[in-house]
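Breakdown of the fold
Residues per chain, in single letters:
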Amino acid sequence: LQKISPISIASQSSGLPRLPSNLDKIKEYTLMQPYQFYRKEHLYSFLKGLKKVNPGSYAYSNLGFGLLSTIEENVTALSFESLLNKHIFQPLQMDNTYIDAKKKTTDSATGYLYGKPAAYWNFDCMAGAGAIKSTALDILKYLDAHIEYKDENFSTVVSKVTQPVKPVATNVQICYGWHTFEDLRHRVFWHNGGTYGFSSFAAFEPHTK
């Protein structure tokens, strides 16, 4: 196997598949909570049995970002949510953004799938694949910080994560997490995502704010 770096994972060029093939093989797996009981031992078992990976080209991988959050936890000995609270949520005063499902508030939105209420997804070791719950106002705070933020360290990070790294399609490139369009008047950064019952899209355009 070729070596996979955190940088290649962050730019969606790790060569990892979109999902681990054993995700739905564990006995606790359910369609509506696909990640809840998928633990580190399952992840490590899958990675150990991976026969071939060719990093370099763009290939979107939820597994990759789930693995990245696990690596961050292992390196720092902190939970992914603690790291986000320390470096992003608290500094940006994103007071209604969290991972822990127990923090659900009374005004939390209800998702629907085929007309029936859908629960928030719970995660164990793959939180980076989509565990964050937020509000429109908090997401706007996050986008604003990408355009103009007084903290020099955060601004330095933003300048790095918004650098185009790999081509995705005609006039579209991947940065570190963000995608970017090149054929508009000004460069736009965007990302979308969803879980059963919920979908989201966010974009920002630094030039005109």
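Refer to the structure printed above.
Further remarks concern the side chain of T162. With respect to the helices and strands, T162 occurs in the loop between helix 6 (152–161) and strand 3 (166–169). Relative accessible area serves as the criterion here: at 11%, T162 is assigned to the buried category. One polar contact links the side chain of T162 to the main-chain carbonyl oxygen of V158, over a distance of 2.7 Å. Contacts of T162, omitting those with residues within four sequence positions, involve H146, C175, W178, F189 and F204.

Here the focus is the sheet that holds strand 3. An order of 3-4-5-6-7 is seen for the 5 strands of this open sheet, with the pairing classed as antiparallel. Only two strands of the sheet have a single neighbouring strand rather than two, namely strand 3 and strand 7 (198–204). Ignoring which end each strand starts from, the neighbouring axes of this sheet average 30 degrees apart. Direction of pairing for strand 4 (residues 172–174) relative to strand 5 (residues 179–181): antiparallel, over a ladder of 3 bridges. Bridging from a neighbouring strand, Q173 pairs with T180 of strand 5.

Applying the stated rule across the entire model yields 5 salt bridges. Its salt-bridge partner being D124, residue R39 comes within 2.9 Å of it at the nearest N-O pair. Residue R39 is found in the loop between helix 1 (6–10) and helix 2 (40–48), and its partner D124 is found in the loop between strand 2 (116–118) and helix 5 (136–147); the two are separated by 85 residues along the sequence. On the basis of relative accessibility, which here comes to 33%, the residue D124 falls in the partly exposed class. E182 serves as the salt-bridge partner of R187, at 3.8 Å between the closest nitrogen and oxygen. Taking relative accessible area as the criterion, R187 reaches 33% and is therefore assigned partly exposed. Residue classification places E182 among the partly exposed positions, given a relative accessible area of 39%.

The topology assignment puts D100 in the loop between helix 4 (80–89) and strand 1 (111–113). Placed 22 residues apart in sequence, D100 and N122 show a C-alpha to C-alpha distance of 8.0 Å.

This part is about helix 5. For helix 5, with 12 residues, the first-to-last C-alpha span of 17 Å sits near the 16 Å given by 1.5 Å per residue. If you check which residues of helix 5 are buried, you get D138, L143, A145 and H146. Buried residues along helix 5 cover an arc of 155 degrees about the axis, so they all sit on one side. Projecting away from the buried face of helix 5 at angles above 90 degrees are the exposed residues A136 and L137. Looking at the buried side of helix 5, the elements it contacts are helix 6 and strand 7.

Moving on, we come to the packing of helix 2 against helix 3 (residues 62–76). The contact between helix 2 and helix 3 brings their axes to 12 Å, and the two run at 115 degrees. Relative to helix 3, the crossing made by helix 2 is left-handed. Residue-level inspection shows K40, L43, Y44, F46 and L47 of helix 2 in contact with helix 3, the latter providing L63, L67, T70, E73 and N74. Partitioning the contact of helix 2 with helix 3 into residue classes produces 6 nonpolar, 2 polar and 2 charged.

This next bit is on the packing of aromatic side chains. Using the criterion set out here, one finds 11 aromatic pairs in the structure. Residues Y35 and W121 carry aromatic rings whose centres are separated by 5.7 Å and whose planes lie at 55 degrees to one another, so their mutual orientation is tilted. With Y35 in the loop between helix 1 and helix 2 and W121 in the loop between strand 2 and helix 5, this residue pair connects regions lying 86 residues apart in the sequence. Judged on exposure class, the residue Y35 and its partner W121 are both buried. Taking 5.2 Å as the distance between ring centres and 20 degrees as the angle between the ring planes, the aromatic pair formed by F189 and F204 counts as stacked. Residue F189 is found in strand 6 (residues 188–195), and its partner F204 is found in strand 7; the two are separated by 15 residues along the sequence. Look at F189 and you get buried, because its relative accessible area is 5%. Feature note: the residues Y35, W121, F123 and Y196 constitute an aromatic cluster, connected by ring pairs.

Scoring rules and cut-offs
Residues numbered from 1 in each chain as written. Predicted model: local features only at pLDDT ≥ 70, side-chain atom pairs only at ≥ 80, totals over all residues. Heavy atoms only, no water. Helix = DSSP H or I, 4+ residues; strand = E, 2+ residues; numbered from the N terminus. Buried < 20%, exposed > 50% of the residue type's maximum accessible area, 1.4 Å probe, protein only. Polar contact = N/O pair within 3.5 Å; in protein donor to acceptor, adjacent residues only side chain to side chain. Contact = heavy atoms within 4.5 Å. Pairing = 2+ DSSP bridges. Axes fitted to C-alpha atoms, helices over the stretch in contact; angles between N-to-C directions. Salt bridge = Lys/Arg side-chain N within 4 Å of Asp/Glu carboxyl O. Expected span 1.5 Å × (residues − 1). Arc of directions from axis to C-beta. Left-handed = near helix turned anticlockwise from the far one by under 90°. Nonpolar A, V, L, I, M, F, W, Y, C, P; charged D, E, K, R; others polar. Phe/Tyr/Trp six-rings, centres within 6.5 Å; stacked < 30°, edge-to-face > 60°.

All we've got here are geometric facts, nothing functional implied.
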